[in-house]
Amino acid sequence: DAGITQSPRHKVTETGTPVTLRCHQTENHRYMYWYRQDPGHGLRLIHYSYGVKDTDKGEVSDGYSVSRSKTEDFLLTLESATSSQTSVYFCAIRSSEGTDTQYFGPGTRLTVL
Amino acid sequence: GENVEQHPSTLSVQEGDSAVIKCTYSDSASNYFPWYKQELGKGPQLIIDIRSNVGEKKDQRIAVTLNKTAKHFSLHITETQPEDSAVYFCAASPGTASKLTFGTGTRLQVTL
(Lines give C-alpha, C1' and ligand atoms only; values in the text may rest on other atoms or scores of the structure.)
Protein backbone atom coordinates (compact mmCIF):
# COMPACT_ATOMS: atom_id res chain seq x y z
CA ASP A 1 0.00 0.00 0.00
CA ALA A 2 3.06 2.30 -0.10
CA GLY A 3 2.18 3.46 3.41
CA ILE A 4 -1.21 4.89 2.40
CA THR A 5 -4.24 4.75 4.65
CA GLN A 6 -7.70 6.10 3.97
CA SER A 7 -10.41 6.94 6.46
CA PRO A 8 -13.17 6.16 6.86
CA ARG A 9 -13.22 2.96 4.82
CA HIS A 10 -17.00 3.01 4.55
CA LYS A 11 -19.48 5.83 5.01
CA VAL A 12 -23.20 6.27 4.51
CA THR A 13 -24.53 9.81 4.54
CA GLU A 14 -27.56 11.79 3.45
CA THR A 15 -27.94 14.20 0.56
CA GLY A 16 -26.91 17.72 1.47
CA THR A 17 -24.54 16.84 4.30
CA PRO A 18 -20.83 17.68 4.20
CA VAL A 19 -18.38 14.81 4.03
CA THR A 20 -14.60 14.76 4.41
CA LEU A 21 -12.41 11.84 3.40
CA ARG A 22 -8.84 11.59 4.60
CA CYS A 23 -5.77 10.18 2.93
CA HIS A 24 -2.67 9.72 5.06
CA GLN A 25 0.81 8.72 3.89
CA THR A 26 3.89 8.00 5.91
CA GLU A 27 6.67 8.31 3.33
CA ASN A 28 6.82 12.05 2.62
CA HIS A 29 5.67 11.83 -1.00
CA ARG A 30 5.18 15.19 -2.67
CA TYR A 31 2.37 14.26 -5.10
CA MET A 32 -0.98 12.95 -3.90
CA TYR A 33 -4.16 12.28 -5.91
CA TRP A 34 -7.85 11.63 -5.39
CA TYR A 35 -9.74 9.42 -7.86
CA ARG A 36 -13.28 8.14 -7.93
CA GLN A 37 -14.22 4.74 -9.36
CA ASP A 38 -17.60 4.04 -10.92
CA PRO A 39 -18.83 1.12 -13.03
CA GLY A 40 -18.24 1.76 -16.71
CA HIS A 41 -15.91 4.70 -16.05
CA GLY A 42 -12.75 3.22 -14.63
CA LEU A 43 -10.98 5.64 -12.31
CA ARG A 44 -11.26 9.38 -12.85
CA LEU A 45 -9.05 12.06 -11.34
CA ILE A 46 -10.83 14.51 -9.02
CA HIS A 47 -8.00 16.66 -7.64
CA TYR A 48 -4.32 16.32 -7.02
CA SER A 49 -1.65 18.01 -4.92
CA TYR A 50 1.99 18.72 -5.74
CA GLY A 51 2.94 20.01 -2.30
CA VAL A 52 1.63 21.56 0.89
CA LYS A 53 -1.12 24.02 -0.03
CA ASP A 54 -0.51 23.33 -3.75
CA THR A 55 -3.49 21.68 -5.42
CA ASP A 56 -5.11 21.53 -8.85
CA LYS A 57 -8.24 20.21 -10.49
CA GLY A 58 -8.64 16.96 -12.30
CA GLU A 59 -11.18 15.68 -14.77
CA VAL A 60 -14.22 15.55 -12.42
CA SER A 61 -13.62 18.25 -9.80
CA ASP A 62 -17.10 19.85 -9.68
CA GLY A 63 -18.66 19.45 -6.23
CA TYR A 64 -15.35 18.58 -4.56
CA SER A 65 -12.68 20.56 -2.75
CA VAL A 66 -9.35 19.48 -1.30
CA SER A 67 -6.85 20.68 1.22
CA ARG A 68 -3.30 19.80 2.11
CA SER A 69 -1.95 21.56 5.16
CA LYS A 70 0.62 18.85 5.94
CA THR A 71 2.72 16.69 3.64
CA GLU A 72 1.22 13.51 5.03
CA ASP A 73 -2.49 14.37 4.78
CA PHE A 74 -4.67 15.10 1.74
CA LEU A 75 -8.33 15.76 2.48
CA LEU A 76 -11.23 15.49 0.03
CA THR A 77 -14.42 17.37 0.96
CA LEU A 78 -17.87 17.11 -0.49
CA GLU A 79 -19.43 20.37 0.66
CA SER A 80 -23.00 19.15 0.09
CA ALA A 81 -23.13 15.51 -0.88
CA THR A 82 -25.37 14.39 -3.74
CA SER A 83 -26.43 10.89 -4.80
CA SER A 84 -24.24 11.22 -7.91
CA GLN A 85 -21.23 11.28 -5.59
CA THR A 86 -21.94 7.76 -4.40
CA SER A 87 -18.73 6.03 -5.42
CA VAL A 88 -15.53 4.40 -4.28
CA TYR A 89 -12.81 6.96 -3.67
CA PHE A 90 -9.13 6.13 -3.98
CA CYS A 91 -6.13 8.11 -2.88
CA ALA A 92 -2.80 7.65 -4.63
CA ILE A 93 0.76 8.87 -4.27
CA ARG A 94 3.50 9.31 -6.84
CA SER A 95 6.36 7.24 -5.59
CA SER A 96 9.23 9.69 -6.21
CA GLU A 97 10.44 12.60 -8.27
CA GLY A 98 11.45 11.61 -11.76
CA THR A 99 8.92 8.80 -11.96
CA ASP A 100 5.28 8.69 -12.96
CA THR A 101 4.47 5.57 -10.94
CA GLN A 102 1.42 5.87 -8.72
CA TYR A 103 0.44 3.60 -5.86
CA PHE A 104 -3.08 3.44 -4.53
CA GLY A 105 -4.63 3.24 -1.10
CA PRO A 106 -7.35 0.75 -0.09
CA GLY A 107 -10.29 3.04 -0.94
CA THR A 108 -13.33 4.54 0.78
CA ARG A 109 -16.80 3.39 -0.19
CA LEU A 110 -19.20 6.35 0.10
CA THR A 111 -22.97 6.01 -0.19
CA VAL A 112 -25.10 9.14 -0.39
CA LEU A 113 -28.79 8.44 0.26
CA GLY B 1 -7.78 15.82 -22.96
CA GLU B 2 -6.66 12.22 -23.10
CA ASN B 3 -9.13 9.44 -23.86
CA VAL B 4 -8.29 5.79 -23.23
CA GLU B 5 -10.40 2.97 -24.61
CA GLN B 6 -10.01 -0.59 -23.33
CA HIS B 7 -11.20 -3.91 -24.80
CA PRO B 8 -12.63 -6.37 -24.07
CA SER B 9 -14.72 -5.50 -21.04
CA THR B 10 -14.84 -9.15 -19.99
CA LEU B 11 -12.53 -12.03 -20.85
CA SER B 12 -12.78 -15.66 -19.86
CA VAL B 13 -9.88 -18.03 -20.47
CA GLN B 14 -8.99 -21.51 -19.34
CA GLU B 15 -6.13 -22.02 -16.94
CA GLY B 16 -2.87 -22.21 -18.82
CA ASP B 17 -4.10 -20.20 -21.81
CA SER B 18 -2.95 -16.69 -22.68
CA ALA B 19 -4.96 -13.52 -22.18
CA VAL B 20 -4.60 -10.28 -24.12
CA ILE B 21 -6.14 -6.93 -23.21
CA LYS B 22 -5.89 -3.97 -25.58
CA CYS B 23 -6.01 -0.21 -25.05
CA THR B 24 -5.89 2.77 -27.36
CA TYR B 25 -5.14 6.35 -26.42
CA SER B 26 -5.77 9.66 -28.14
CA ASP B 27 -3.13 12.11 -26.90
CA SER B 28 0.16 11.77 -28.76
CA ALA B 29 1.85 13.54 -25.83
CA SER B 30 1.20 10.56 -23.55
CA ASN B 31 4.47 8.87 -22.69
CA TYR B 32 3.76 6.61 -19.71
CA PHE B 33 1.44 3.59 -19.75
CA PRO B 34 0.86 1.58 -16.55
CA TRP B 35 -1.33 -1.47 -16.02
CA TYR B 36 -3.13 -2.12 -12.76
CA LYS B 37 -4.76 -5.22 -11.32
CA GLN B 38 -7.66 -4.78 -8.93
CA GLU B 39 -9.03 -7.53 -6.75
CA LEU B 40 -12.45 -7.30 -5.14
CA GLY B 41 -12.56 -4.76 -2.33
CA LYS B 42 -8.98 -3.59 -2.83
CA GLY B 43 -7.18 -0.70 -4.43
CA PRO B 44 -5.55 -1.02 -7.86
CA GLN B 45 -2.09 -2.61 -7.81
CA LEU B 46 0.55 -1.72 -10.36
CA ILE B 47 1.66 -4.85 -12.22
CA ILE B 48 3.72 -3.45 -15.07
CA ASP B 49 4.36 -0.18 -16.87
CA ILE B 50 6.05 1.02 -20.02
CA ARG B 51 7.39 4.30 -21.32
CA SER B 52 7.12 5.60 -24.84
CA ASN B 53 10.81 5.09 -25.59
CA VAL B 54 10.36 1.32 -25.18
CA GLY B 55 8.36 -1.00 -27.44
CA GLU B 56 8.02 -3.99 -25.14
CA LYS B 57 8.58 -4.92 -21.53
CA LYS B 58 8.31 -8.29 -19.85
CA ASP B 59 8.11 -9.44 -16.25
CA GLN B 60 7.79 -13.20 -15.86
CA ARG B 61 4.34 -14.16 -17.24
CA ILE B 62 3.31 -10.57 -17.95
CA ALA B 63 4.31 -8.44 -20.91
CA VAL B 64 3.25 -5.10 -22.31
CA THR B 65 3.69 -3.91 -25.87
CA LEU B 66 3.40 -0.35 -27.15
CA ASN B 67 2.80 0.91 -30.69
CA LYS B 68 3.24 4.68 -30.60
CA THR B 69 2.37 5.16 -34.25
CA ALA B 70 -1.00 3.46 -33.85
CA LYS B 71 -1.45 4.79 -30.31
CA HIS B 72 -2.21 1.43 -28.77
CA PHE B 73 -0.73 -0.77 -26.09
CA SER B 74 -1.54 -4.26 -24.90
CA LEU B 75 -1.18 -6.47 -21.83
CA HIS B 76 -0.27 -10.09 -22.38
CA ILE B 77 -0.57 -12.70 -19.63
CA THR B 78 0.77 -16.16 -20.42
CA GLU B 79 0.10 -19.44 -18.61
CA THR B 80 -2.84 -17.92 -16.77
CA GLN B 81 -3.65 -19.12 -13.26
CA PRO B 82 -6.82 -18.78 -11.18
CA GLU B 83 -5.15 -16.06 -9.10
CA ASP B 84 -4.91 -13.93 -12.24
CA SER B 85 -8.70 -13.50 -12.06
CA ALA B 86 -9.32 -9.81 -11.36
CA VAL B 87 -10.18 -6.53 -13.07
CA TYR B 88 -7.34 -5.03 -15.09
CA PHE B 89 -7.03 -1.34 -15.96
CA CYS B 90 -4.79 0.36 -18.46
CA ALA B 91 -3.89 4.03 -18.13
CA ALA B 92 -1.99 6.75 -19.96
CA SER B 93 -0.19 9.85 -18.79
CA PRO B 94 1.38 12.79 -20.62
CA GLY B 95 3.80 13.13 -17.75
CA THR B 96 2.37 16.47 -16.62
CA ALA B 97 2.01 16.03 -12.86
CA SER B 98 1.74 12.32 -13.71
CA LYS B 99 -2.03 12.62 -14.12
CA LEU B 100 -3.42 9.29 -15.22
CA THR B 101 -6.36 8.69 -17.56
CA PHE B 102 -7.75 5.19 -17.12
CA GLY B 103 -9.51 2.77 -19.39
CA THR B 104 -12.83 1.32 -18.24
CA GLY B 105 -11.40 -2.01 -17.13
CA THR B 106 -11.40 -5.67 -18.19
CA ARG B 107 -12.76 -8.37 -15.95
CA LEU B 108 -10.58 -11.44 -16.47
CA GLN B 109 -11.82 -14.81 -15.32
CA VAL B 110 -9.52 -17.80 -15.40
CA THR B 111 -11.45 -21.05 -15.25
CA LEU B 112 -10.12 -24.45 -14.23
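Now for the packing of aromatic side chains. One pass over the full model with this rule turns up 16 aromatic pairs over all chains. Relative to Phe74 of chain A, the ring of Trp34 of chain A lies with its centre 6.5 Å away and its plane at 35°, an arrangement referred to as tilted. Of this pair, Trp34 of chain A sits in strand S4 (residues 32-38) while Phe74 of chain A sits in strand S8 (residues 73-78), placing them 40 residues apart in sequence. A single burial state applies to Trp34 of chain A and to Phe74 of chain A, both of which are buried. On the numbers, 5.7 Å between centres and 85° between planes, the contact of Tyr35 of chain A with Phe102 of chain B is edge-to-face.

We now examine the sheet that holds strand S3 (residues 19-25) of chain A. Residue and element names in this part refer to chain A. Spatially, S1-S3-S8-S7 is the arrangement adopted by the four strands of the open sheet, whose pairing is antiparallel. At either end of the open sheet lies a strand with only one pairing partner, and these are strand S1 (4-7) and strand S7 (64-70). Neighbour-to-neighbour, the strand axes of this sheet turn through a mean angle of 20°, independent of strand direction. Bridge count for S7 against S8 is five bridges, and the pairing is antiparallel.

Residue and element names in this part refer to chain A. Taking burial as the measure, the seven residues of S4 include seven buried ones, the bulk of the element. Going residue by residue along S4, you find Met32, Trp34, Arg36 and Asp38 tucked away on one face and Tyr33, Tyr35 and Gln37 tucked away on the opposite face as well. Two successive antiparallel strands, S4 and strand S5 (residues 42-51), enclose a turn made up of three residues, where Gly40 displays a positive phi of approximately 85°. Both S4 and strand S9 (residues 87-94) contribute to a ladder of six bridges, which runs antiparallel. Within S9, the residue paired with Tyr35 across the bridge is Phe90.

At the interface, 21 residues of chain A touch 19 residues of chain B. Interface of chain A and chain B: buried area, both sides summed, is about 1600 Å²; carbon and sulfur atoms make up 53% of it. If you sort the residues of chain A by the area they bury against chain B, Leu43, Asp100 and Phe104 of chain A come out on top, with a joint share of 34%. Our count for the contact surface shared by chain A and chain B stands at one salt bridge. Its salt-bridge partner being Arg51 of chain B, residue Asp100 of chain A comes within 2.8 Å of it at the nearest N-O pair. In this structure, the connection of chain A to chain B is made through four residue pairs in polar contact (both at pLDDT 80 or more).

Turning next to the sheet that holds strand S8 (residues 72-77) of chain B. All names here are of chain B. Read from one edge to the other, the open sheet built from five strands follows the order S1-S3-S8-S7-S6, with strand pairing classed as antiparallel. The sheet terminates laterally at strand S1 (4-7) and strand S6 (56-59), the two strands that pair on one side only. Strand-to-strand twist in this sheet, taken as the mean axis angle between neighbours without regard to direction, amounts to 15°. Sheet analysis places strand S3 (residues 19-25) next to S8, joined by six bridges and oriented antiparallel. Bridge pairing in S8 places Val20 opposite His76.

Time to look at unusual backbone geometry. Cis peptide bonds are those with omega within 30 degrees of zero, and the linkage from Ser7 of chain A to Pro8 of chain A qualifies with -10°. Summarising the element assignment, Pro8 of chain A is placed in the loop between S1 and strand S2 (10-13). The peptide bond linking His7 of chain B to Pro8 of chain B adopts the cis configuration, its omega dihedral lying at -5°. Among the structural elements, Pro8 of chain B can be located in the loop between S1 and strand S2 (10-14).

Parameters at a glance
- Residues numbered from 1 in each chain as written.
- Chains lettered and ligands numbered in written order.
- Predicted model: local features only at pLDDT ≥ 70, side-chain atom pairs only at ≥ 80, totals over all residues.
- Heavy atoms only, no water.
- Phe/Tyr/Trp six-rings, centres within 6.5 Å; stacked < 30°, edge-to-face > 60°.
- Helix = DSSP H or I, 4+ residues; strand = E, 2+ residues; numbered from the N terminus.
- Buried < 20%, exposed > 50% of the residue type's maximum accessible area, 1.4 Å probe, protein only.
- Pairing = 2+ DSSP bridges.
- Axes fitted to C-alpha atoms, helices over the stretch in contact; angles between N-to-C directions.
- Contact = heavy atoms within 4.5 Å.
- Buried area = accessible area lost by both parts, 1.4 Å probe.
- Salt bridge = Lys/Arg side-chain N within 4 Å of Asp/Glu carboxyl O.
- Polar contact = N/O pair within 3.5 Å; in protein donor to acceptor, adjacent residues only side chain to side chain.

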